[in-house]
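Structural features, examined
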Amino acid sequence: MALESILYISDQASSRNSVLAALEATGYEVVGTNSATQALALLFIMRSVVAVVLHYRARERTGFDLLRSLREIRPRVPIILLCREQLGPLPSGVNASGVYLYDTEQPRENLTSQVQRWLTLEEPCPDVDDPVHCGAA
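Just so it is clear, the structure is predicted and the values come from calculations on it, not from any experiment.

Details of the packing of aromatic side chains
According to the stated counting rule, one finds one aromatic pair in the structure shown. Judged by centre distance (4.8 Å) and plane angle (15°), the rings of Tyr100 and Trp118 are stacked. Within this pair, whereas Tyr100 is found in strand β5 (residues 99-103), its partner Trp118 is found in helix α4 (residues 108-120), the two being separated by 18 residues in sequence. Taken as a pair, Tyr100 and Trp118 share a single burial class, namely buried.

Take a look at the structure:
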């Protein structure tokens, strides 16, 4: 049986290694790519992917554009958007279910524990009215 995997999509060279290390510390296999096109292909063929982590800002496509495409392939896989700024509501046409924002200004070890929390709980943010922004504070 294949290990459960996290697909990490980033063209941010400056933070890639620290984010990879934080994701690997979750115990999941981490598959990284810097290409949105390759990420979509990987998500299509890799049934072991249990979550997608991506930077909101990317050169190829914005996080929201990519999020829409990822949802078309795997509608129920949790998606974690890494971002520096607080984002408003998701644009219309973007399914917010299972989408979480993570503030990249927080220490990387917080990312490890937050990802583990999101992937192990039935209801990852039961005390938050806006599940998209849980963990963003």
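What follows picks up the thread again.
Some remarks on α4
The first and last C-alpha atoms of α4 sit 19 Å apart over 13 residues, in line with the 18 Å expected at 1.5 Å per residue. Close packing links the buried residues of α4 with β1 (5-9), α1 (13-24), β3 (49-55), β4 (79-83) and β5.

Structural notes on the sheet that holds strand β2 (residues 29-33)
Judged by pairing direction, the sheet is parallel, and its five strands sit side by side in the order β2-β1-β3-β4-β5 without closing on themselves. In this open sheet, the two strands that pair with only one neighbour each are β2 and β5. Each strand axis lies, on average, 20° off the axis of its neighbour in the sheet, ignoring direction. The strands touched by α1 are β1, β2, β3 and β4; relative to β1, the strand with the most contacts, the crossing angle is about 165°.

Brief notes about the pairing of β1
Two faces belong to every sheet, and in a regular strand the side chains alternate between them. Burial runs high along β1: five of the five residues are buried. Taking every second residue as pointing to the same face, both faces of β1 are buried, with Ser5, Leu7 and Ile9 on one and Ile6 and Tyr8 on the other. Pairing analysis gives five bridges linking β1 to β2, with the strands arranged parallel. Paired with Ile6 across the two strands is Val30, which belongs to β2. Taken together, β1, α1 and β2 form a β-α-β motif whose crossover is right-handed. In this sheet, β3 lies alongside β1 in parallel orientation, the contact comprising five bridges. If you follow Leu7 over to β3, its bridge partner there is Val52.

Observations regarding the environment of Val19
Within the fold, Val19 resides in helix α1. Placed 90 residues apart in sequence, Val19 and Glu109 show a C-alpha to C-alpha distance of 9.2 Å. When near neighbours in sequence (up to four residues on either side) are disregarded, Val19 contacts Tyr8, His55, Leu82, Arg108 and Leu111.

Observations regarding the nonpolar core
In terms of nonpolar packing, the biggest core is built from 22 residues, with Leu7, Ile9, Val52, Leu54 and Leu70 touching the most fellow members. Within the residue set of this core, elements represented by two or more residues are β1, α2 (36-45), β3, α3 (63-73), β4 and β5. Top element by residues in this core is α2. It accounts for five residues. Setting aside chain neighbours within four positions, we find Leu7 in contact with Val31, Thr33, Ala39, Leu42, Leu43, Val49, Ala51, Val52 and Val53.

What counts and what doesn't
- Residues numbered from 1 in each chain as written.
- Predicted model: local features only at pLDDT ≥ 70, side-chain atom pairs only at ≥ 80, totals over all residues.
- Heavy atoms only, no water.
- Phe/Tyr/Trp six-rings, centres within 6.5 Å; stacked < 30°, edge-to-face > 60°.
- Helix = DSSP H or I, 4+ residues; strand = E, 2+ residues; numbered from the N terminus.
- Buried < 20%, exposed > 50% of the residue type's maximum accessible area, 1.4 Å probe, protein only.
- Expected span 1.5 Å × (residues − 1).
- Contact = heavy atoms within 4.5 Å.
- Pairing = 2+ DSSP bridges.
- Axes fitted to C-alpha atoms, helices over the stretch in contact; angles between N-to-C directions.
- Right-handed = clockwise from strand over helix to strand, strands pointing away.
- Core = buried A, V, L, I, M, F, W, Y, C linked by side-chain atoms within 4.5 Å.

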